[in-house]
Amino acid sequence: MFADREDVDARGRRSCGDHRVSFCYRSSMRVACFSLLCLAALLPNLASPGTTFADPPDKDRVRQLLSGFEGVAPQTAWRALGPSTVAVLAELYDDPSEPPFIRMRAVQVSAYYPTEATRTFLRRVVQAPDQNDLILRRAVMAFTTAFGEGALEDVRPFLSHRTGLIREAAIRAVAQVGTPSARALLQARLRLERDPEVRVRLDQALHP
């Protein structure tokens, strides 16, 4: 017959003399302590998305996560860094010596942190005089990605922006909210829009 696990363990314990039992105990304690130390070292990387970090992450690390060949690191990687990352993203955006794609992606990624610091940052980006259209489009999309219906008033003015591509970005941003208030904004814009291509985007947003 197969022995139960407890029977095997009991025979193993009896096979040791008092000295060997003491040695086994000390060895087990050392392994347990080492395991606890390893777990403590890993805890920062296992933090939940809602964890708040006291200090912002290293600037070089953030830049690295923004520098992917095909795009930025996944959302889980950004959430693990904590919302203090917004300060570093803003710093990278503000640095004119950074490559344009880094500055643009910094704006985009800020959407992963729905905090007041992010809202303030995005408002500063969209209100900048002569803002680059690519950056402006990312900022408009980031608003509703981060804040949903709470960002509709910030995005509303861009539905009537002079540039069609910006209006299209605003349409996508409002459409992803998906609430009655968002739909009402799109319907109101459809009555005023004259650009055929933008009207197509509006119709697609209203009839997905």
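Structure shown above.
Residues numbered from 1 in each chain as written. Predicted model: local features only at pLDDT ≥ 70, side-chain atom pairs only at ≥ 80, totals over all residues. Heavy atoms only, no water.

S.K.: Let's hear about the packing of helix 6 (residues 100-109) against helix 8 (residues 133-147): which residues, and what values?
M.R.: Look at helix 6 against helix 8: their axes get within 8 Å of each other, and the N-to-C directions meet at 10 degrees. Relative to helix 8, the element helix 6 is oriented roughly parallel. Taken together, the residues of helix 8 that come into contact with helix 6 (itself represented by Arg 103, Met 104, Val 107 and Gln 108) are Leu 134, Ile 135, Arg 138, Ala 139 and Ala 142. Partitioning the contact of helix 6 with helix 8 into residue classes produces six nonpolar, one polar and two charged. (Axes fitted to C-alpha atoms, helices over the stretch in contact; angles between N-to-C directions. Helix = DSSP H or I, 4+ residues; strand = E, 2+ residues; numbered from the N terminus. Parallel < 35°, antiparallel > 145°, perpendicular 65-115°, else oblique. Contact = heavy atoms within 4.5 Å. Nonpolar A, V, L, I, M, F, W, Y, C, P; charged D, E, K, R; others polar.)

S.K.: I'd like to hear about the pattern of salt bridges, residue by residue, with values.
M.R.: A full pass over the atoms with the stated rule returns 11 salt bridges. The network of salt bridges with common partners includes Glu 116, Arg 119, Arg 123 and Asp 154. (Salt bridge = Lys/Arg side-chain N within 4 Å of Asp/Glu carboxyl O.)

S.K.: How would you sum up helix 8? Please name residues and give values.
M.R.: Counted at 1.5 Å a residue, the expected span for helix 8 with its 15 residues is 21 Å, and the 21 Å between its end C-alpha atoms agrees. Buried within helix 8 are the following residues: Ile 135, Leu 136, Ala 139, Val 140, Ala 142, Phe 143, Thr 144, Ala 146 and Phe 147. After helix 8 finishes, the residue Gly 148 shows a positive phi value of roughly 60 degrees. (Expected span 1.5 Å × (residues − 1). Buried < 20%, exposed > 50% of the residue type's maximum accessible area, 1.4 Å probe, protein only.)

S.K.: A description of the side chain of Glu 193 should follow, citing residues and the corresponding values.
M.R.: Counting through the fold element by element, Glu 193 comes out in the loop between helix 11 (180-192) and helix 12 (196-206). A polar contact of 3.0 Å, which involves the side chain of Glu 193, links it to the backbone nitrogen of Asp 195. For Glu 193, the residues in contact, after removing those within four places along its chain, are Leu 159, Arg 167, Val 198, Arg 199 and Leu 202. (Polar contact = N/O pair within 3.5 Å; in protein donor to acceptor, adjacent residues only side chain to side chain.)

S.K.: I'd like a rundown of helix 6, residues and numbers included.
M.R.: Within the sequence span of helix 6, burial applies to Ile 102, Met 104, Arg 105, Ala 106, Val 107 and Val 109. Those residues of helix 6 that are buried lie in contact with helix 3 (59-66), helix 4 (75-81), helix 5 (85-94), helix 7 (116-126) and helix 8.

S.K.: Report on the nonpolar core, specifying residues and quantitative values.
M.R.: Within the largest apolar cluster, 49 residues are counted, with the highest numbers of intra-cluster contacts made by Leu 66, Trp 78, Leu 89, Val 107, Leu 122 and Val 174. Ranked by the residues each element gives to this core, the list is headed by helix 8, at eight residues. Dropping the residues within four chain positions of it, Val 107 is found in contact with Tyr 93, Phe 121, Leu 122, Val 125, Ile 135, Arg 138, Ala 139 and Ala 142. (Core = buried A, V, L, I, M, F, W, Y, C linked by side-chain atoms within 4.5 Å.)

S.K.: Explain the environment of Ser 97 residue by residue, including any values.
M.R.: Turning to its location among the elements, Ser 97 is positioned in the loop between helix 5 and helix 6. Of the residues examined, Ser 97 reaches a relative accessible area of 61% and is grouped as exposed. Reaching out from Ser 97, the side chain makes a polar contact with the side chain of Asp 95 at a distance of 2.6 Å.

S.K.: Requested: an account of unusual backbone geometry, with residues and values cited.
M.R.: The phi dihedral of Asp 130 falls on the positive side, at around 55 degrees, and the residue is not glycine. Of note, Asp 130 is situated in the loop between helix 7 and helix 8. Asp 130 gets classed as exposed once you look at its relative accessible area, which sits at 78%.

S.K.: Would you mind going over the environment of Thr 144 in detail, with residue names and values included?
M.R.: Residue placement: Thr 144 occurs in helix 8. The class for Thr 144 is buried, based on a relative accessible area of 5%. Considered as a pair, Thr 144 and Ala 173 are 29 residues apart in the sequence and their alpha carbons are 5.8 Å apart. What Thr 144 contacts, discounting residues up to four positions off in sequence, is Ala 151, Val 155, Ala 173, Gln 176 and Val 177.

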